[in-house]
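Each chain, letter by letter, is given below.
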Amino acid sequence: MPHDTQGFIKLLRVSEMLYALLLGFSCYLLFISRTGEAHTIWEALHPAFIPTLFVATSLLLAIQFTSEKVAYKLLFIIAHSVLVHSFFSVIFPAGDLSGQQIYLGRIRLVYDNAVLHGWPSWSVETVQSQIFRRFGGINFQAAVSVIFARMLSVDIFWVHLALVPILWGIFTPIAAYLTTYTLSQNEKVSVLSSLFLSVFPYVTYFGAISVPNSLGYIFFFYSLYFILRNLNSNDSETKFLMLVFSFFALLSHYLTGVISFSLLFLSLVFKSYRGEKSQAISAKVSLVIAFLFCASLLPLSLIYLRFFRPSTTTAFTLERFNELPIEETIGLALLGDLTYSFHLETILLFVSGPTLAFAYNIYLLYKTKKNPNAKFRTYTPFLFAAFLMMLIDYRILKLFMEGLPFNEERLWVFRDFVAVPFVALAVYGAISSINVFLKTHYPPTISPADLKALSRRNALHVLTLLLALTVLIPMALGGWITYSLRAAYPRIAPLQTTWYELEAVKHIEENTEEKYVVIGDVWTIFVGEMIVGINNPSAYYFGEYNKTGYDLFYNMTQDPSPQWMLQAMNYTDTTTAYFIVTEPRLGTEEYNRIVTEARTRLPVYGVFGEGKLHIFYYKK
Amino acid sequence: MDLSSRFDRIEELIVRDERCAFTLASLVIVCTIFANLSEVQSPVIGAITFFFYFSINGVFLGHAFFEKETAFFRRTFGFLLLIMLLSFVGWLAVVIYNLDVIRLTLVLLMVATLSSLLNRRVKSKNAT
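What you see is a predicted model, and the numbers here were worked out from it, not measured in a lab.

A. Representation of the overall build of chain B. Of the regular secondary structure elements, chain B holds five helices and zero strands. Each helix and strand of chain B, ordered N terminal to C terminal, gives the series α-α-α-α-α. The C-alpha radius of gyration of chain B comes to 15 Å, within 12% of the 14 Å expected for a compact globule of 128 residues. By residue count, 40% of the 128 residues in chain B fall in the buried class. In chain B, the share of contacts with a sequence separation of at least 24, taken over all contacts with a separation of at least 6, comes to 58%.

Given below as structure tokens:
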């Protein structure tokens, strides 16, 4: 082995060890940031965490440009990816206060064998509603979480919190690699793309919460890879896998399923169009019609969802144009929800990746048009159409529809998955240009003696370019990736589930023999759901949308007396009732008033969080 | 021998599955999982059995569907397919009745058997 190669390998191993150390240190800093009482992760995150992560990411980027094996590079990226998606699960005692807690409340019932035939626990009216419910993502996620929890013999709580961050962290970088490799046939660009997933804030956010939609995104990304592969192959295995992944995307969430099948159909049309020899006007018109049909599949499927779910209220509307001022409508059409109350810096972080990808995609389209033999020719038009489809669908949902069953912003994740190969291609293209410039203008290896031989201006030029290649570019890209986390994780949020709320609910569950009901605010209900499940007949917490539960809590705060607790016990067929009040949720003044009044009429069951939470009880 | 070639060797052994040794091992692991869930409930035993169950059946499925891929992607796809297969059969169990310990054991047995059969199918196809 030549001496300089040996030296390079030694340097590479040192860099990798340093990266592993920095990543390990970041994990340690994240673990010591764990807190029992915070609104956002930014309140609790150790001040040294982000700088350490930035240095680790920059080093990781520098490693990506070396000739290290792809598998090792991907393993490093996977470790990074799992870390950046674990903030909620590690820092907060019960993960992010969002849909994932609601889902855990339902999945817990499957884990405890408290429901049969999956969620919902009640019977639904029609056959098609029943099919829809059984195919609902919650049952699929319940199966995944329960299997893992039982196999590992740990509580479902821990598996649920870690499920998506780990699966997402492992499998999406690999999907990004494979998709980009199919497009570019370049390993370096492909590994870059798996790291660049983190520059898309929506991708990071949905990878950090355990909801069925997030699982669906993972399967969608793989279906996209097989759809792309199928464009250039007639392999029956590829077709089978393309269908399997699309089916799993549908099983996880209907949004990911509909988008997967729309793209699948679009790809088949593209393939048949390419197969035609003449590519006449009529073929082009058919292609456009097929594109419009695929783009309309999502809006139409949302309208016809009422066939499966009678409570659906989704409809087309022009209300937004009448209600909103013109500048707000334009803002919504251009930026979506980013128009509202965000800083310019946040908007830039959200749009920079997709804009760069879109511009580079157009550039590639232009380039491939001039060169019919270009390697991107097969895939670029299809990915451009997929990107365009997301942009159009988002605008239709945002401006022309109402009563949607989900937030339209979820569509951005699909757009970002389509965009990530182009971001990597654009960045790699820019770096290659500097490299080519250096190689054509200066000798391949430059020693200090060579530099002395150059004029002062040229030597400075060479040094600047070398510095840019080896240090500034990895630092700039590392900074972009790390800084994107600021937009990915919310900076404003309600108080997350606190350690004393969790302790209080666990204490009641562990120390109550008889059937009981808990009257509490919506935050207490979230905690209760996570620990004992929603509407559990022996440990009853009212659902988060239950009006009776809300009314009982309101009446207890106005008049903390046994009559409401008796009413709750009669309503739920239980023999003990608990009433939980928490100071940070109610405000100090209101909390003190309620506690003082309740103490005169009800016995105190427990005090948690150094007096921040009181539990009162009453037995029949 | 470096780490990757050791992995390759282990993978080769699992795929060869001589006298169904790894299939049987996988079935024994399922019985251990059942015993652990019914009696001991130890996360350590759970983690060990989980690791071996995934290693054996993931390799079977990776070989069955992604034989031509490189080792890293073959293994990754194998694990992903195993998760998908487990989830699908588990989902069927959830919607048909429930996923208690006995039904989970049946799900694991079914998936282990299916993975082994798929591996054997590809192996015999290659042999002819």
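B. Quick peek at the overall build of chain A. Along its length, chain A carries 28 helices and seven strands. Across the 620 residues of chain A, 46% fall into the buried class. Counted over contacts in chain A with a minimum sequence separation of 6, partners at least 24 positions apart contribute 71%.

C. Structural context of the domain arrangement of chain A. What the domain assignment lists for chain A is domain 1 (3–425), domain 2 (426–485) and domain 3 (499–619). If you average the C-alpha positions of domain 2 of chain A and of domain 3 of chain A, the two centres end up 64 Å apart.

D. Structural detail: the packing of helix α19 (residues 380–400) of chain A against helix α20 (residues 411–441) of chain A. Residue and element names in this part refer to chain A. Relative orientation of the contacting elements α19 and α20 amounts to 165°, with a least axis distance of 9 Å. With respect to α20, the element α19 is oriented roughly antiparallel. Viewed along their axes, α19 and α20 form a crossing whose handedness is left-handed. Taking contact as the criterion, the partners of Leu383, Ala386, Phe387, Met390, Leu391, Asp393, Tyr394 and Leu397 in α19 are, on α20, Leu411, Phe414, Arg415, Val418 and Ala419. Tallied by class, residues from the contact of α19 with α20 come to 11 nonpolar, no polar and two charged.

E. Just the pairing of strand β7 (residues 613–619) of chain A, in detail. Residue and element names in this part refer to chain A. For β7, a buried count of six out of seven residues is recorded, marking the element as mostly surrounded by other parts of the structure. When strand β5 (residues 576–582) meets β7, the two strands line up antiparallel, connected through seven bridges. Across the sheet, the residue bridging to Thr576 is Lys619, located in β7. Pairing analysis gives four bridges linking strand β6 (residues 604–608) to β7, with the strands arranged antiparallel. Counted as the bridge partner of Val604 is Phe616 from β7. Remark: four residues form the turn of the hairpin made by β6 and β7, two consecutive strands paired antiparallel; Gly609 in that turn has positive phi of roughly 60°.

F. Looking closely at helix α22 (residues 456–488) of chain A. Residues and elements named next belong to chain A. Between the first and last C-alpha of α22 there are 45 Å, a value that for 33 residues agrees with the 48 Å anticipated at 1.5 Å per step. Along α22, the sharpest change in direction is near 50° and occurs at Ala468. Where α22 is buried, its residues meet α3 (49–64), α4 (70–84), α10 (187–196), α11 (201–206), α18 (344–370) and α20.

G. Fine view of the sheet that holds β7(A). Residue and element names in this part refer to chain A. Read across the sheet, five strands follow the order β4-β3-β5-β7-β6 without closing on themselves; strand pairing throughout is mixed. One side of each edge strand has no neighbouring strand; the edge strands of this open sheet are β4 (539–541) and β6. Direction aside, neighbouring strands of the sheet carry axes that sit 20° apart on average. Examined bridge by bridge, strand β3 (residues 516–519) and β5 share four bridges and lie parallel to one another. In the sheet register, Ile519 faces β5, and the bridge partner there is Phe579. Contacts between helix α28 (residues 588–601) and the sheet are confined to β5, β6 and β7, with β5 contributing the most and set at about 150° to the helix.

H. Local environment of the confidence of the model for chain B. Residue and element names in this part refer to chain B. Of all residues in chain B, 99% have pLDDT values of 70 or greater, and the mean over the chain is 93. The secondary structure element of chain B with the lowest average pLDDT is helix α1 (residues 3–16), at 87, and the one with the highest is helix α3 (residues 43–65), at 96. Scoring of the predicted complex yields 0.94 for pTM and 0.96 for ipTM.

I. Region of the structure containing the interface of chain A and chain B. With 25 residues of chain A at the contact, the number on the chain B side is 28 residues. Broken down by secondary-structure element, the contributors of at least two residues to the side of chain A that touches chain B are α4, α8 (137–152), α9 (156–184) and α13 (236–252) of chain A. Element by element, the count of residues in the side of chain A that touches chain B is highest for α8(A), at 10 residues.

J. Examining the environment of B:Asp17 more closely. Residues and elements named next belong to chain B. Relative to the elements of secondary structure, Asp17 occurs in the loop between α1 and α2 (21–40). By C-beta crowding, Asp17 is classed as buried, having 21 other C-beta atoms within 10 Å. In sequence terms Asp17 and Ile56 are 39 residues apart; their C-alpha atoms lie 9.8 Å from each other. In contact with Asp17, other than residues within four places in its own chain, are Phe22, Thr23, Ser116 and Asn119.

K. Seen up close, the packing of helix α6 (residues 99–111) of chain A against helix α24 (residues 522–532) of chain A. All names here are of chain A. The geometry of α6 relative to α24 is characterised by a closest axis approach of 7 Å and an angle of 35° between their N-to-C directions. With respect to the hand of their crossing, α6 and α24 are arranged in left-handed fashion. Residue-level inspection shows Gln101, Ile102, Leu104, Gly105 and Arg108 of α6 in contact with α24, the latter providing Phe526, Glu529 and Met530.

L. Representation of the nonpolar core. Judged by nonpolar contacts, the single largest core of 218 residues is most densely connected at A:Val110, A:Ala386, A:Val423, A:Ile519, A:Ala577 and A:Phe579. Here A:Phe579 is in contact with A:Ile519, A:Met556, A:Pro560, A:Met565, A:Leu602 and A:Phe616, once residues within four sequence places are set aside.

M. Molecular detail of the environment of A:Pro354. Residues and elements named next belong to chain A. Along the chain, the position of Pro354 falls in helix α18. The exposure class of Pro354 is buried, given the 23 C-beta atoms found within 10 Å. Separated by 156 residues in sequence, Pro354 and Ser198 have C-alpha atoms that sit 12 Å apart. Setting aside chain neighbours within four positions, we find Pro354 in contact with Arg415, Asp416 and Ala419.

The rules behind these values
- Residues numbered from 1 in each chain as written.
- Chains lettered and ligands numbered in written order.
- Predicted model: local features only at pLDDT ≥ 70, side-chain atom pairs only at ≥ 80, totals over all residues.
- Helix = DSSP H or I, 4+ residues; strand = E, 2+ residues; numbered from the N terminus.
- Rg over C-alpha atoms; globule rule 2.2 N^0.38 Å.
- Buried ≥ 20, exposed ≤ 12 C-beta atoms within 10 Å, placed from the backbone.
- Contact = placed C-beta atoms within 7 Å.
- Domains from an automatic or database assignment.
- Axes fitted to C-alpha atoms, helices over the stretch in contact; angles between N-to-C directions.
- Parallel < 35°, antiparallel > 145°, perpendicular 65-115°, else oblique.
- Left-handed = near helix turned anticlockwise from the far one by under 90°.
- Nonpolar A, V, L, I, M, F, W, Y, C, P; charged D, E, K, R; others polar.
- Pairing = 2+ DSSP bridges.
- Expected span 1.5 Å × (residues − 1).
- Bend = angle between axes of the 7 residues up to and from the residue.
- pLDDT = per-residue confidence, 0-100.
- Core = buried A, V, L, I, M, F, W, Y, C linked by C-beta atoms within 7 Å.

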